[in-house]
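One letter stands for each residue in the lines below.
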Amino acid sequence: MKKVEAMTVVSQRTIANNIYECSLKGDLVSVMNEPGQFVHLKVTDGIEPTLRRPISICSVDTNERTFTMVYRVEGIGTKKLSHKLPGERVNVLGPLGHGFPMEELKSESHCLLVGGGIGVPPLYELAKQLTSKGHSVTAVLGFRSKEDVFYEREFSRLGPTFVATEDGSYGEMGFVTDVIGAKQLTGDCYYACGPRPMLKAIESNMPIPGFLSLEERMGCGIGACLACVCDMKNEAGYRKVCSDGPVFKAGEVVV
Ligand SMILES: Cc1cc2nc3c(=O)[nH]c(=O)nc-3n(C[C@H](O)[C@H](O)[C@H](O)COP(=O)(O)OP(=O)(O)OC[C@H]3O[C@@H](n4cnc5c(N)ncnc54)[C@H](O)[C@@H]3O)c2cc1C
Ligand code: FES
């Protein structure tokens, strides 16, 4: 059930190199119940930028009517978002897309959560919901360097958590796939979100069923403009990342 609301900024802070955590308050939170969904943000009342910006829902607090986003400042849109102060409004369209499915999990499943960089945030709400349903989680979080690391403590509260940095300045040296191999991490299924090369490597190396969350450049965010299409893997046709995804079963689309 997607809606538009001018939500109020409750907090905004830097949590790692160029990474911001922002909480917004409003009624939309009551329909944010599927981890892995995203919001489409209009970050200004002015003209630039005209297009909304897609950001994942990282964490939801229904009692407080707040949700949290964690984002990296990339260009004009995220820069403007990072300047928003508590009390200011952000126009939010959402929640959008299909998130991480949990219905088919057998009871007390063990799930491996694999996140890379700004792919980590949507896995946090997933970890919260999985553990509250009686499943267990192990998280593997990959970053470039020590100063890019965030949310290690938050994930550690929910299950064993491993951090990999490409330059070895913190945690294990290498990629998330190196850590998974070295520690022989596995589970009943996996959920992954991060850069394409990471998703590709995981999809081809993991022998268990899994789900991948994709990122594409977006226009409308609601399935109308076809800006975000990706190809199907084993049949002709395409899927729209914004409305069929962003989460797909591993093997369904070309990553
Ligand atoms: C479903 C989804 C969830 C996302 N969740 C997060 C998140 O939780 N945290 C986070 O930091 N980032 C996330 N992103 C990426 C984020 O949308 C881009 O970093 C952001 O749109 C860049 O906008 P900008 O104006 O700062 O940069 P600019 O470079 O000025 O953007 C120009 C245009 O490119 C688009 N664009 C640029 N990079 C991306 C990208 N990687 N993916 C999609 N569109 C892009 C913008 O929407 C805009 O239309 C997500 C993307 C998608 C598709
Ligand atoms: S962004 Fe318009 S169809 Fe996906």
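Everything numeric here is computed off the predicted structure, so don't read it as measured data.

The rules behind these values
- Residues numbered from 1 in each chain as written.
- Chains lettered and ligands numbered in written order.
- Predicted model: local features only at pLDDT ≥ 70, side-chain atom pairs only at ≥ 80, totals over all residues.
- Heavy atoms only, no water.
- Helix = DSSP H or I, 4+ residues; strand = E, 2+ residues; numbered from the N terminus.
- Rg over C-alpha atoms; globule rule 2.2 N^0.38 Å.
- Buried < 20%, exposed > 50% of the residue type's maximum accessible area, 1.4 Å probe, protein only.
- Contact = heavy atoms within 4.5 Å.
- Areas by Shrake-Rupley, 256 points an atom, 1.4 Å probe, with all protein chains shown as cover.
- Near = heavy atom within 4 Å.
- Polar contact = N/O pair within 3.5 Å; in protein donor to acceptor, adjacent residues only side chain to side chain.
- Nonpolar A, V, L, I, M, F, W, Y, C, P; charged D, E, K, R; others polar.
- Patch = residues over 30% accessible without salt bridge, like charges linked within 9 Å, V, L, I, M, F, W, Y side chains within 5 Å.
- Salt bridge = Lys/Arg side-chain N within 4 Å of Asp/Glu carboxyl O.
- Pairing = 2+ DSSP bridges.
- Axes fitted to C-alpha atoms, helices over the stretch in contact; angles between N-to-C directions.

## Quick look at the overall build of the chain
Right, on to step 1. Scanning the chain for helices and strands turns up 5 helices and 16 strands.
Right, on to step 2. Expected size for 255 residues packed as a compact globule is a radius of gyration near 18 Å; at 17 Å, the chain falls within 12% of this value.
Right, on to step 3. Taking the principal axes of the C-alpha coordinates as reference, the chain spans close to 50 × 45 × 35 Å.
Right, on to step 4. For the chain, the residues scored as buried account for 52% of the 255 residues in total.
Right, on to step 5. When contacts within the chain are restricted to residue pairs at least 6 apart in sequence, those whose partners lie at least 24 apart make up 59%.
Right, on to step 6. Summing over all exposed atoms, the chain offers an accessible surface of approximately 12100 Å²; the carbon and sulfur share of this is 49%.

## Focus: the site of ligand 1
Right, on to step 1. Taken together, 19 residues lie near ligand 1, and Arg53, Pro54, Gly77, Thr78 and Arg217 sit nearest.
Right, on to step 2. Arg53 places a polar side-chain atom, nitrogen or oxygen, 2.6 Å from an oxygen atom of ligand 1.
Right, on to step 3. Backbone polar atom of Gly77 to an oxygen atom of ligand 1: 2.7 Å apart, as the coordinates give it.
Right, on to step 4. Here ligand 1 loses 86% of its free accessible area of 820 Å² to cover by the protein chains.
Right, on to step 5. Elements that contribute at least two residues to the shell around ligand 1 include exactly β4 (53-56), β6 (66-72) and α1 (76-82).
Right, on to step 6. Classifying every residue of the shell around ligand 1 by side-chain character gives 9 nonpolar, 4 polar and 6 charged.

## Brief notes about a nonpolar patch on the surface
Right, on to step 1. Together, Leu226, Val229 and Tyr238 line one region of the surface with nonpolar side chains, adding up to about 250 Å² of accessible area.
Right, on to step 2. Within the element layout of this structure, Tyr238 appears in strand β15 (residues 238-240).
Right, on to step 3. Judged by relative accessible area, Tyr238 falls into the partly exposed class, the value being 42%.

## Quick look at the sheet that holds strand β3 (residues 38-42)
Right, on to step 1. The strand order across the open sheet formed by 7 strands is β4-β3-β7-β1-β2-β6-β5, and the pairing between neighbours is antiparallel. Looking along the sheet, the strands with just one partner apiece sit at the ends: β4 and β5 (59-61). Averaged over all pairs of adjacent strands, the angle between strand axes in this sheet comes to 35°, irrespective of strand direction.
Right, on to step 2. Sheet contacts for helix α2 (residues 121-132): β4, β5 and β6; angle to β5, the most-contacted strand, approximately 50°.

## Concerning the environment of Val114
Right, on to step 1. Mapping Val114 onto the fold places it in strand β8 (residues 110-116).
Right, on to step 2. It is 28 Å that separates the C-alpha atoms of Val114 and Gly237, two residues lying 123 residues apart in sequence.
Right, on to step 3. Setting aside residues no more than four positions away along its own chain, Val114 makes contact with Leu123, Val140, Val176, Ile180, Tyr191, Ala192, Cys193, Met198 and Ile202.

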